[in-house]
Amino acid sequence: MSLAAAGCALKSKSASVSSAEKKKGIQRIPTYCDICFWKCGAIASVRDGELWKIEGNPDDPLSRGRLCPRGTGGIGAHTDPDRLRTPLIRKRERGEELWQEVTWDEALGYVAEKLLKIKSQYGPEAVAVFSHGIGGNFLKHTFKAYGTPNISAPSFAQCRGPRDVGFRLTFGEDISSPERTDIRNADCLVLLGSHLGENMHNSQVQEFAEAIEKRASIIIVDPRYSVAASKAKYYLPINPGTDLALLLAWMNVIVRENLYDKEYVTKYGFGFEQFAAEILAFTPEWAYPETGIEPEIIRATAREMARYKPATLVHPGRHVTWYGDDTQRSRAIALINALLGSWGRKGGFYYPVSMDVPSYPYPPYPKPAKDKVDNPGNKYPFASETITTGTRDATISGQPYPIKGWFVYASNLLHALPNENETIKAIQNLDLLVVVDVIPSEIAGWADVVLPESVYLERHDDLNVEWFRDPFTALRQPVVESPHDQKPNWWIAKQLADRLGLGSFFPWNDIEEYFRHRLGAAGIDYEELKKRGIIRGAKQPNYFEEGVPTEFATPSGKIEFYSLQLQKAGFDPVPKYTRPDANPTGTFRLLYGRAPVHSFSRTHSNRILSDMMSENEVWVNTSIAARLGLQNAQYVTLKNQDGITSNKVKVKVTERIRPDCVYMVHGFGHTSKGLKHAYRKGASDAQLITRYKTDPLMGGTGMNCNFVTIEPAEA
Ligand code: SF4
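None of the values given here were measured: they were computed from a predicted structure. (Residues numbered from 1 in each chain as written. Predicted model: local features only at pLDDT ≥ 70, side-chain atom pairs only at ≥ 80, totals over all residues. Heavy atoms only, no water.)

Let's talk about the site of the ligand
Defined as follows: Any residue with a heavy atom lying within 4 Å of a molecule or strand is counted as near it. Following the grouping adopted for this structure description, the nonpolar residues are Ala, Val, Leu, Ile, Met, Phe, Trp, Tyr, Cys and Pro, the charged ones are Asp, Glu, Lys and Arg, and the polar ones are all others, Gly among them.
Lining the immediate surroundings of the ligand are C33, I35, C36, W38, K39, C40, L67, C68, R70, G71, M200 and N202. Of the residues that constitute the shell around the ligand, the class distribution is eight nonpolar, two polar and two charged.

See below:
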C-alpha cells in the first residue's frame, strides 16, 4: 500500500443525522473555518445530506459574513480524493512512502508502546511536539501530561516571532494573532513587505478594502509591485534587505522636524533623549545608497505619516523572518509607531479583548525534570516561545540532551523549516516520528506512523475564545461525517492518553461534555452556541481614549525608546542597520510570499483551490528576461548557491519586480507521492532555502538569504 491510496469521488454525509435518516432539504450548520489559522466564523449548508456550500457567519466579528476564497473552497478539503484515509505504519525505510494499513487500535498501541519506551530510556523530555493551529490543543495536552516541555510551532521562529519580540521589548506586549491592527480606522497605512490581499487574512483584507474606499493614504515598501502597491499613494521599490535603514531614516526626519507626538512621547516614553541622539545620524542621505529610495521621497513619506498621526499605522507584518536582524527591524517598526502615538489609539493599534471562559480544571501537569531543549544556556535571551529549529538542532546533536521522538500535528516541517537536509538529518536520529494530518505531506512521507485526521467540517475542535476587537466564543462542530477511517484530534489525543496511562487527564467522556463544563462555568448556553456558532460578549474599550489603562509591561513601565534590557544583554538599545549580503554575480535574491487561494503547503490537493491556481510562477524582471532570452510562461529551473535545483516552474516576465530579485508563491512543488494532484506542480521555495540567518535575540530564521540562477527547462 502506498500513501497514494487509490482515489475515488467522496460522498459526504450530514453529521447531524445518521446516513440512514439523511434529511431532505437544506440544513445550515455554523462552525469556524480551518483552511488557515484565522478561524473565521462560517455557516455550512448541507443539501439533501450532501455538503453544498460554505459562507461567512454574519454574527462573527472575524468574517463579518464573508469568507476568503479559501474558506469558500473548504468543501474541497472534505472531498479531496488524495486525503489520508486510514492509519498507516511504515513498512520499510523512512522516506520511501511504503505503508501498511492498520487499525486505530494497532496504530495507537504501537505509538504508545514506543513513547513509553522513550520515556523509560531517556525521560519524557526526549519527545518533541510540533503543532500548528487550534486543532493541536488536545494533543499538546496529552504531551504536557506525558511530561515534555518541548512543544513548538513554526509560527514563532519561522514567522511572527521577531515581530512579537520587537513589540514586546518596546510596548511590553505582543502583536498577537489576529493582529491588533486598526486598519479600518487608519488614515495612513504603511506596509513593509506585507502584501495584504495576496496574503489573505480575511478581516485584515476587508479592513484594507475599507481603508482604500475611504481614501486613506497608503505607502507600500516592497521590491515587488504587489496588489497592495497598486492601491498606494507612494510605492517605494526598496533594495531587498534594507528596510531597517529606511525606518531609521524615517524616524530621523520625524524627530529632526519635530513631527512626532510630543505629548504622547513625553507622557509614556522612556529614554527618548538617548534614542533621539542616536537616530540623528541616520539621515535620508545616509539611507539613500542603502535603500535606493531618494532622500526627498523618504522625507515626503515621513511627513505623510506624521500628517495623519496618531491614525497612522505602520503595519508590523506577519511573516517577518527575512534577514536575521528581524527583531531589531520589528522593533524599529514599533518605535516609529510610538513616535506617531499610534499604539493604543484609533487608527493605530487597538487593545484586544476576550470572553472569560475558564479552562477545564485538569490535574496539574508533571514538572519536567529538564529545561526545554531548544535554547541551551539561554543563547537567544528574548525567545518567548519554543524555537522549532533549536529543537531540530538538539535532535541532530543530542545536546543538551537527546530527542528521540517527534510528534507532528498539521505542520509540514519540510516546507516550513529552512534547510530540509537538516530536518531529514534530525529525523534519522529518531526512534519514532508520528504525523497527524488530513492529507499526505513531505513530512508524513518520513513518518513511522501516520494518523489520518478528520477535516474541520467533520470534527469538533477546542472553543475559539479569541482576543480581538470584540469578545466572543465560537464553536467548531461537525457538518458532515468523515468519509473513511479518519478521526478528530480530540479523540486521538484521549485515546493515546489512555494507552499512556494518562486517562486521568481526560476526565470527560466526549468533547461535548468538555464544552458543557467550560461553557457552563462561563454562563454560556451550549445549545445556543450550537445553534448560532458564536456568542458575543459585551463591547469593551479598545483604545486609550475609551478608557483602556495606559500601562506598559516593560521594565520601565513605559514605552521603551531606549532599551536597557537589550543593552544589558549585549544588544543595541536602539536598532542599528546591517547591510545585507550582496548578490553574487549573475544571481537573483529569492523572495517568496503568499497567494489568496492557498494556505502554506496545505491546500494544493484541494481541487476547488487548485482549479484557481494549480502551480506557481517565478517573477522575473522584463530586462533580465530579455537578457537571458526568457519568454513569458516558459518553463525554467532555479539553482541556488548550494547547487540545489528546483522543479520546473513557469516564468512570469514583469516590470513589477526589481531586476535583482525573483519571487514565487510559497508551498508548491510537492514531492510527496501521496499528493497525486499537486505532485511536482510548480517549484518549492523551501527546497531552495538551504541558507538562513538566525536572529541573535530570539532564534528566528531569516530566510531571504538565498540566491538563484535561472536555466531554461523542458516544457
Ligand atoms: S482567512 Fe480564509 S481560509 Fe482563513 S479562516 Fe478565514 S475564511 Fe478560512
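Some details on the pairing of strand 6 (residues 127-131)
On a regular strand, one side chain projects to one face of the sheet and the next to the other, so that they alternate. The condition that has to hold: Burial classification: accessible surface area is computed with a 1.4 Å probe over protein chains only, and a residue below 20% of its type maximum counts as buried, one above 50% as exposed, and the rest as partly exposed. Each helix is a run of H or I in the DSSP string that is no shorter than four residues. Each strand is a run of E no shorter than two, and both are numbered from the N terminus. For two strands to pair, DSSP has to find at least two bridges joining them. When the strands point away from the viewer and the connection leading from the first strand across the helix to the second strand turns clockwise, the crossover is called right-handed.
The element strand 6 is extensively covered by neighbouring structure, given that five of its five residues are classed as buried. Alternating positions in strand 6 separate into two faces, V127, V129 and S131 on one and A128 and F130 on the other, with burial throughout. Judged from the two bridges that link them, strand 6 and strand 7 (residues 151-152) form a sheet pairing that is parallel. From the neighbouring strand, F130 faces strand 7, where its bridge partner is S152. For the segment spanning strand 6, helix 4 (residues 137-146) and strand 7, crossover handedness is right-handed.

Description of the packing of aromatic side chains
Our working definition: In this analysis, rings of Phe, Tyr and Trp, with Trp reduced to its six-membered ring, are considered paired at centre separations within 6.5 Å, and the interplanar angle assigns stacked below 30 degrees, edge-to-face beyond 60, and tilted for intermediate values. Criterion for a charge above a ring: Lys NZ or Arg CZ within 6 Å of the ring centre, and within 35 degrees of the ring normal.
What the rule picks out here adds up to 37 aromatic pairs. Look at W343 and F349: their rings are 5.4 Å apart centre to centre, the planes differ by 35 degrees, and that puts the pair in the tilted class. Using a relative accessible area of 1% as the deciding quantity, one classes F349 as buried. Relative to Y362, the ring of Y360 lies with its centre 4.9 Å away and its plane at 40 degrees, an arrangement referred to as tilted. For the pair formed by Y360 and Y362, the shared burial category is buried. A connected cluster of aromatic rings, assembled from ring pairs, spans F138, Y360, Y362, W490, F506, W508, Y514, F515 and Y526. Over the ring of W508 we find K494, and its NZ or CZ is 5.7 Å from the ring centre.

Topic: helix 15 (residues 420-428)
This is how it is decided: When we speak of the arc, we mean the arc of directions from the helix axis to the C-beta atoms. Whether two residues are in contact is decided by their heavy atoms: any pair within 4.5 Å suffices.
Of the residues making up helix 15, those classed as buried are T423, I424, A426 and I427. All buried residues of helix 15 project into a common sector of 155 degrees when viewed along the axis, lining one side. In helix 15, those exposed residues whose orientation departs by more than 90 degrees from the buried face are N421 and K425. Where helix 15 is buried, its residues contact helix 13 (388-397), strand 13 (405-409), helix 14 (413-416) and strand 14 (432-437).

Spatial relationships are all this shows, so hold off on functional conclusions.
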